[in-house]
Amino acid sequence: MPDSDGTIKWGDLLSSRRRALIAMVLLENSGGDPIDVGELATEVARLESQTQGPVDKKSRQSVYTTSTQYHLPKLDSANVINYDSTTVAPGEHLRRYYAFAVLLPGSEIESRPLSP
């Protein structure tokens, strides 16, 4: 979240693997367009479970709930994403955030080539 002077507390934002996965899904799947929160939750759950098949309902619901109550509002307040309760779109700082998440020492997020 930004401080009162507008600076972003990157350490706090980078403390969650799920937030980094949200950024990855947006960069890989949105093409800059908003995506449905449910679709985002499904893709993040798929990455967390490391499966290509269907995601079980419990995993998807867990991602959806924590994302809508905590992760998406936090990323939105830092202009990493634009979140309006039903859709999520890339924000001004999304690429910078993702780069920090991938380069962070000990990061479990693998770097992937992303579209420009």
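Scroll up for the structure.
Because the structure is a prediction, the values reported are computed rather than measured.

Enquirer: Residue-level account of the sheet that holds strand β2 (residues 81–83), with values.
Expert: Strand pairing in a sheet relies on backbone hydrogen bonds, with the paired strands running either antiparallel or parallel. Taken in spatial order, the three strands make up an open sheet running β1-β3-β2, and their pairing is antiparallel. Of all strands in the sheet, those bounded by a partner on one side alone are β1 (35–36) and β2. In terms of strand pairing, β2 meets strand β3 (residues 87–90) through three bridges, oriented antiparallel. What sits directly across from Asn82, in β3, is Ala89. Sheet contacts for helix α4 (residues 57–77): β2 and β3; angle to β2, the most-contacted strand, approximately 125°.

Enquirer: Can you break down the pattern of salt bridges residue by residue, with the values?
Expert: Side-chain pairs of opposite charge can arise whenever the charged atoms involved come near each other. In the structure shown here, the tally under the stated rule is two salt bridges. A salt bridge links Arg18 to Glu48; the nearest nitrogen and oxygen atoms lie 2.8 Å apart. Residue Arg18 is located in helix α2 (residues 17–29), and its partner Glu48 is located in helix α3 (residues 37–49); the two are separated by 30 residues in the primary sequence. Judged by its relative accessible area of 15%, Arg18 is buried. Given a relative accessible area of 31%, Glu48 falls into the partly exposed group. Of the charged contacts in the structure, one is a salt bridge between Arg46 and Glu43, with a shortest N-O distance of 2.6 Å. Taken together, the positions of Arg46 and Glu43, both in helix α3 and three residues apart, correspond to about one turn of that helix. Look at Glu43 and you get partly exposed, because its relative accessible area is 23%.

Enquirer: How would you sum up the nonpolar core? Please name residues and give values.
Expert: Within the largest apolar cluster, 31 residues are counted, with the highest numbers of intra-cluster contacts made by Leu40, Leu72, Val80, Ile81, Val88 and Tyr97. Elements represented by at least two residues in this core include exactly α1 (10–13), α2, α3, α4, β2 and α5 (94–103). Looking at which element gives the most residues to this core, the answer is α2, with eight residues. Excluding residues within four positions of it along the chain, Ile81 makes contact with Leu26, Leu72, Leu75, Asp76, Val88, Ala89, Pro90, Gly91 and Leu94.

Enquirer: Could you give me a rundown of the pairing of β3, with the residues and numbers involved?
Expert: Each regular strand displays side chains that alternate between the two surfaces of the sheet. Bridge count for β1 against β3 is two bridges, and the pairing is antiparallel. Residue Asp36 lies in a different strand from β3, and its bridge partner there is Thr87. Linking two consecutive strands that pair antiparallel, namely β2 and β3, is a turn of three residues; a positive phi of about 85° is found at Ser85 within it.

Enquirer: Break down the side chain of His71 for me, with residues and values.
Expert: Counting through the fold element by element, His71 comes out in helix α4. Within the local environment of His71, its side chain forms a polar contact with the side chain of Arg19, the two groups lying 3.0 Å apart. With residues up to four places along the chain from it excluded, the contact list for His71 reads Ser16, Arg18, Arg19, Ile22 and Thr66.

Conventions and cut-offs
- Numbering of residues begins from 1 in every chain and follows the order in which that chain's sequence is written.
- In view of the model being predicted, local features appear only for residues whose pLDDT reaches at least 70, and side-chain atom pairs are presented and counted only at 80 or more, with totals across whole chains, interfaces and linings using the full set of residues.
- Excluded from the side-chain calculation are hydrogens and water; included are all heavy atoms of the structure.
- Note on pairing: DSSP must find at least two bridges between two strands before they are called paired.
- Numbering of helices and strands runs from the N terminus; a helix is a DSSP stretch of H or I covering at least four residues, while a strand is a stretch of E covering at least two.
- We call two residues contacting when some pair of their heavy atoms lies within 4.5 Å.
- The angle between two axes is taken between their N-to-C directions and runs from 0 to 180 degrees, where each axis is a line fitted to C-alpha atoms and a helix contributes only its stretch in contact.
- Here a salt bridge means any side-chain nitrogen of Lys or Arg lying within 4 Å of a carboxyl oxygen belonging to Asp or Glu.
- Relative accessible area decides the class of each residue, using a 1.4 Å probe on protein chains only: under 20% of the type maximum gives buried, over 50% gives exposed, and in between gives partly exposed.
- Residues enter a nonpolar core if they are buried and are Ala, Val, Leu, Ile, Met, Phe, Trp, Tyr or Cys, with the set joined through side-chain atoms within 4.5 Å.
- Two N or O atoms count as a polar contact when they lie within 3.5 Å, although within protein this holds only if one can serve as hydrogen donor and the other as acceptor, and sequence-adjacent residues are included solely when both atoms are side-chain atoms.

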